[in-house]
Amino acid sequence: MTVIQTSTTPVPDERGYFGEFGGRFVPETLIPALDELTAAYHAAMADPAFRQELAQLQASYTGRPTPISYAKRLSEHLGGAQIYLKREDLAHTGAHKINNALGQALLARRMGKRRVVAETGAGQHGVASATASALLGLECHVYMGSVDIARQQPNVFRMKLLGAEVIPVESGSKTLKDAINEAIRDWVTNVRDTFYLLGSALGPHPYPMMVRDFQSVIGLEARRQIVEMAGRLPDACVACVGGGSNAIGLFHAFRDDENVDLIGVEAGGRGIEGGEHAARFADPNLGRPGVLHGTRSFVMQDADGQIVNTHSVSAGLDYASVGPEHAYLRAQERAYYTYATDEEALAAFQTLCQLEGIIPALESSHAVAEVIKRAPGMPKDSIILVNLSGRGDKDLDTVMRELGLNG
């Protein structure tokens, strides 16, 4: 049984900054709520009973630890590095999102908040929030852009089955950014009795720290497992990066291992040149420091500072900003960030299906795409650990449409 550890690194500071990134950029009415949340989180993580209950649920409900699988056929096919998959797709609800949702839902109950609001893009965080709320008897409302509702119908139905109200968002690009806007508005309006169960390692402090810590179970398990399986630490850890919770969860346990490369893969969409992507770090014309949803990080914006629309075949990566700790790790040159296009992600999706019998989420397929590029040029005794953040059942309609297989 893995017990979540509190942060042992010097970031964020007391104001919630990771270097120059992070902080709190919110209306004054939310500052007391954030102060209350910060104090409650630290008290909970210092309470052995809270940590034990979370650990027990991870084991008996989520199904942790999730295993590591050696991708033998993929490794042989690429002819380079040995590839291992951290199987978050095997966690209850089919993705890493349940790790954070359970932790925050337990915290909401501890704080006496009976109403939960959440946002979702690909639907996995919405499903995880609805699942945790059903388990703990909380009222759950999930905001989701209408574009994402159309492309993620199975997850919408799952949320409703689990008792959550799914609220369509018709403003802006009708995707994740706009769902977050509406969830925050709801929280501001109902802050006294409502808990905002934020799904990624972004937003105002303490959310980036809190989500990272709840997701750090991924890296803590993987670090132990890869040593047991392969006899040593990996040469590289690879994960997709939207808001960045699955990646920061994996990276956190390896941050002090300087010989382990940390590689985040953003959504290259239809290509960087045309601007139809969600690669915040890769496009100097659009991606630069700014503020979105209560935190300072890298944000896709025009010359006037207006947030621009993003594009990705994967709903979970279709977001204009990135968690502030990722911006910090990049600035410190501790992590490297690249991108995979829609076309590359779809090809990686099919490759993993056909060689390993695993159907990955389109988000995770971006990480696999980078492995397919990188592994052939590495020595055969090198090791790549890739976080398979979720399973691809939710994406089958999208993949069929993109590959022209409908009808």
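Residues numbered from 1 in each chain as written. Predicted model: local features only at pLDDT ≥ 70, side-chain atom pairs only at ≥ 80, totals over all residues. Heavy atoms only, no water.

Trainee: Go over the sheet that holds strand β5 (residues 115–120), please, and point to the residues and values.
Mentor: In space, the 4 strands of this open sheet follow the order β7-β6-β5-β8, with parallel pairing throughout. At either margin of the open sheet sits one strand with a lone partner, and together these are β7 (165–169) and β8 (194–196). Geometrically, the sheet is characterised by an average inter-axis angle of 25° between neighbouring strands, direction not taken into account. Bridge count for strand β6 (residues 139–145) against β7 is 5 bridges, and the pairing is parallel. In the sheet register, H141 faces β7, and the bridge partner there is E165. (Pairing = 2+ DSSP bridges. Helix = DSSP H or I, 4+ residues; strand = E, 2+ residues; numbered from the N terminus. Axes fitted to C-alpha atoms, helices over the stretch in contact; angles between N-to-C directions.)

Trainee: Give a detailed account of the packing of aromatic side chains, specifying residues and quantitative values.
Mentor: Aromatic ring pairs: the centre-centre distance and the angle between the two ring planes describe each pair. In the structure shown here, the tally under the stated rule is 8 aromatic pairs. Aromatic pair Y41 and F214: ring centres 5.8 Å apart, planes at 85°, arrangement edge-to-face. Note that Y41 is positioned in helix α1 (residues 31–45) and F214 in helix α9 (residues 207–215), a separation of 173 residues in sequence. With a relative accessible area of 0%, F214 lands in the buried category. Summarising the aromatic geometry, the rings of W187 and Y196 are spaced 5.7 Å apart at their centres and angled 50° between planes, so their arrangement reads as tilted. For W187, a relative accessible area of 5% translates into the label buried. Given a relative accessible area of 2%, Y196 falls into the buried group. Ring pairing ties together the aromatic residues F21, F281, F298 and Y337, which thus form one cluster. (Phe/Tyr/Trp six-rings, centres within 6.5 Å; stacked < 30°, edge-to-face > 60°. Buried < 20%, exposed > 50% of the residue type's maximum accessible area, 1.4 Å probe, protein only.)

Trainee: Lay out the state of the cysteines with the relevant residues and their values.
Mentor: Counted under the stated rule, the structure contains 0 disulfides. A disulfide-free cysteine, C353 has its sulfur positioned 16 Å from the sulfur of C240, the nearest such atom. What makes C353 partly exposed here is its relative accessible area of 22%. (Disulfide = S-S within 2.5 Å.)

Trainee: Go over the nonpolar core, please, and point to the residues and values.
Mentor: In terms of nonpolar packing, the biggest core is built from 52 residues, with L107, W187, F195, Y196 and Y207 touching the most fellow members. Not counting residues within four places of it along the chain, the set of residues in contact with F195 comprises L37, Q104, L107, A108, M111, K113, R115, V116 and V117. Membership of the second largest hydrophobic core comes to 32 residues, among which are I68, V211, I226 and Y337. (Core = buried A, V, L, I, M, F, W, Y, C linked by side-chain atoms within 4.5 Å. Contact = heavy atoms within 4.5 Å.)

Trainee: Which residues make up the pairing of β5, and what are the values?
Mentor: The buried fraction of β5 amounts to 6 of the 6 residues, a majority that puts the element mostly inside the structure. Of the two faces of β5, both are covered, the one formed by R115, V117 and E119 as well as the one formed by V116, A118 and T120. Following the chain from β5 across helix α5 (residues 124–136) to the adjacent parallel β6, one finds a crossover that is right-handed. (Right-handed = clockwise from strand over helix to strand, strands pointing away.)

Trainee: How would you sum up the sheet that holds strand β10 (residues 261–269)? Please name residues and give values.
Mentor: Within the open sheet, the 6 strands sit side by side as β3-β4-β14-β9-β10-β13. Their pairing is mixed. Strands with a single pairing partner mark the edges of an open sheet, and in this sheet they are β3 (68–70) and β13 (335–341). Ignoring which end each strand starts from, the neighbouring axes of this sheet average 25° apart. Here strand β9 (residues 236–240) runs beside β10; their pairing, made up of 5 bridges, is parallel. Across the sheet, C237 pairs through a bridge with L262, a residue of β10. Along the sheet, helix α10 (residues 217–230) makes contact with β3, β4 (82–87) and β14 (383–388), crossing β4 at roughly 140°.

Trainee: Got a sec to walk through the confidence of the model for the protein? Specific residues and values, please.
Mentor: The predicted coordinates of low-pLDDT regions are not to be read in fine detail. Overall, the predicted model of the protein reaches an average pLDDT of 95, with 97% of residues at or above 70. Contacts of residues 1–8 to residues separated by more than four positions or lying in other chains number 31 contacts, the stretch itself having pLDDT below 50. (pLDDT = per-residue confidence, 0-100.)

Trainee: Hey, could you go over the environment of R401 for me, with residue numbers and the actual values?
Mentor: Mapping R401 onto the fold places it in helix α15 (residues 396–402). Each C-alpha atom, one on R401 and one on Y337, is 29 Å from the other, the two residues being 64 residues apart in sequence.

Trainee: Please give an account of the pairing of strand β12 (residues 295–300) that cites residues and values.
Mentor: Two faces belong to every sheet, and in a regular strand the side chains alternate between them. Within β12, 5 of the 6 residues are buried, which leaves the element mostly enclosed by the surrounding structure. Alignment of strand β11 (residues 287–292) against β12, held across 6 bridges, turns out to be antiparallel. Paired with G290 across the two strands is S297, which belongs to β12. Connecting the antiparallel pair β11 and β12 is a turn made up of 2 residues, with H293 showing a positive phi of about 55°.

Trainee: Account for the pattern of salt bridges, naming residues and giving values.
Mentor: Following the criterion strictly, the structure yields 29 salt bridges and no others. Between D213 and R212 there is a salt bridge whose closest N-O contact spans 3.1 Å. When the shortest N-O distance is used, the salt bridge between D395 and K394 registers 2.7 Å. Judged by relative accessible area, which is 0%, D395 ranks as buried. (Salt bridge = Lys/Arg side-chain N within 4 Å of Asp/Glu carboxyl O.)

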